[in-house]
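The lines below spell out each chain.
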Amino acid sequence: MTRKQLRAGGQELRQKLGLERRAAPEALPGLDDLMAEVAYGSIWDRPGLSHADRMICTIAVLGPLERHAELERHVASALDLGLKPEAILEVLLQAGLYGGFITAESGSQVAAKVFAARGLKVNPGPPRDASSEDLDKRGAELMGELHGARGTQGYAAPGNPITGQLYPAAIRYGYGELWFRPGLERRQRLLIAVAAFTGLGLESQLTKFSQSALNAGLTREEIVEAVIQTGPYSGFPRALNGLAILSQVL
């Protein structure tokens, strides 16, 4: 396929996704065509992940990096792709666990603006009233299902007097609470983890979760594509670092 064809296909796909450039004059000459060719023609249109899954990965990067202008446009596109408001907010919440909950708060405010413009209301869902003991138990069980023996290595090692000051809270609230919230399937949460860790440059976590994604049923191709999808949004160097990790792990 020629560059011209890639560019034309990318422009068509971007328009289909509702992400075409605004009517304002192009500030950086040539960037519009480059984005059409590289981001949409060469990445968004790759096989291996659906557009909805690619959108989940994209929001998982835009949220914690606080790219709010782009996040607003992509939330609107996510709705057009069929993602529910509750699912979009869950993406931002889980990515906020990795990039800081303050980013989930600011990202959800951006999303709420889009929802309000469309007259959409968010379903609060059932009350989350499990006891701390129950959260600890199911968090530890899920961590074992996802990571196996790797779940108790490194900073997760039991009895570590330093990391043990914080990691029990990660088990309780990260695994025991967040991963059991409604709105997303487990495979989608693993896509979020892989994309967010790549975008944030958290390489040890990407190593751990990319192996776990295989255990949870994601294919090798899906994991690779989740990393590739982050390239236009958090930079190609981080995506390439992520692919280098996958080349060893997978």
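Residues numbered from 1 in each chain as written. Predicted model: local features only at pLDDT ≥ 70, side-chain atom pairs only at ≥ 80, totals over all residues. Heavy atoms only, no water.

Chemist: Can you explain unusual backbone geometry? Please cite residues and give values.
Modeler: Even without glycine at this site, Glu 66 takes up a positive phi of about 55°. Here Glu 66 shows up in the loop between helix 3 (51-62) and helix 4 (68-80). (Helix = DSSP H or I, 4+ residues; strand = E, 2+ residues; numbered from the N terminus.)

Chemist: Can you lay out the environment of Lys 137 for me, pointing to particular residues and giving the numbers?
Modeler: Within the element layout of this structure, Lys 137 appears in helix 7 (residues 132-147). Separated by 39 residues in sequence, Lys 137 and Gly 176 place their C-alpha atoms 7.4 Å apart. Of the polar contacts made by the side chain of Lys 137, one reaches the side chain of Glu 141; its length is 2.7 Å. (Polar contact = N/O pair within 3.5 Å; in protein donor to acceptor, adjacent residues only side chain to side chain.)

Chemist: Which residues make up the packing of aromatic side chains, and what values go with them?
Modeler: Evaluation of the coordinates by the stated rule reveals five aromatic pairs. Summarising the aromatic geometry, the rings of Tyr 98 and Phe 197 are spaced 4.4 Å apart at their centres and angled 50° between planes, so their arrangement reads as tilted. In this pair, Tyr 98 sits in helix 5 (residues 85-99) while Phe 197 sits in helix 9 (residues 186-199), placing the two residues 99 residues apart along the sequence. Pair check on accessibility: Tyr 98 and Phe 197 agree, each one buried. (Phe/Tyr/Trp six-rings, centres within 6.5 Å; stacked < 30°, edge-to-face > 60°. Buried < 20%, exposed > 50% of the residue type's maximum accessible area, 1.4 Å probe, protein only.)

Chemist: Give a description of helix 6 (residues 101-117) that names residues and reports values.
Modeler: Spanning 17 residues, helix 6 covers 25 Å between terminal C-alpha atoms, matching the ideal 24 Å at 1.5 Å per step. Taken together, the buried positions of helix 6 are occupied by Thr 103, Ala 104, Ser 106, Gly 107, Val 110, Ala 111, Val 114 and Phe 115. Buried residues along helix 6 sit against helix 4 and helix 5. Positive backbone phi, at 70°, marks Gly 119, one or two positions downstream of helix 6. (Expected span 1.5 Å × (residues − 1). Contact = heavy atoms within 4.5 Å.)

Chemist: Before we move on, could you go through the environment of Arg 238 and cite the residues and values that matter?
Modeler: Looking at the secondary structure, you find Arg 238 in helix 13 (residues 236-249). When the C-alpha atoms of Arg 238 and Asn 160 are compared, they prove to be 30 Å apart, with 78 residues separating the residues in sequence. Non-local contacts of Arg 238, meaning those with residues more than four positions away in its chain, are made with Leu 65, Thr 198, Gly 199, Leu 200 and Gly 201.

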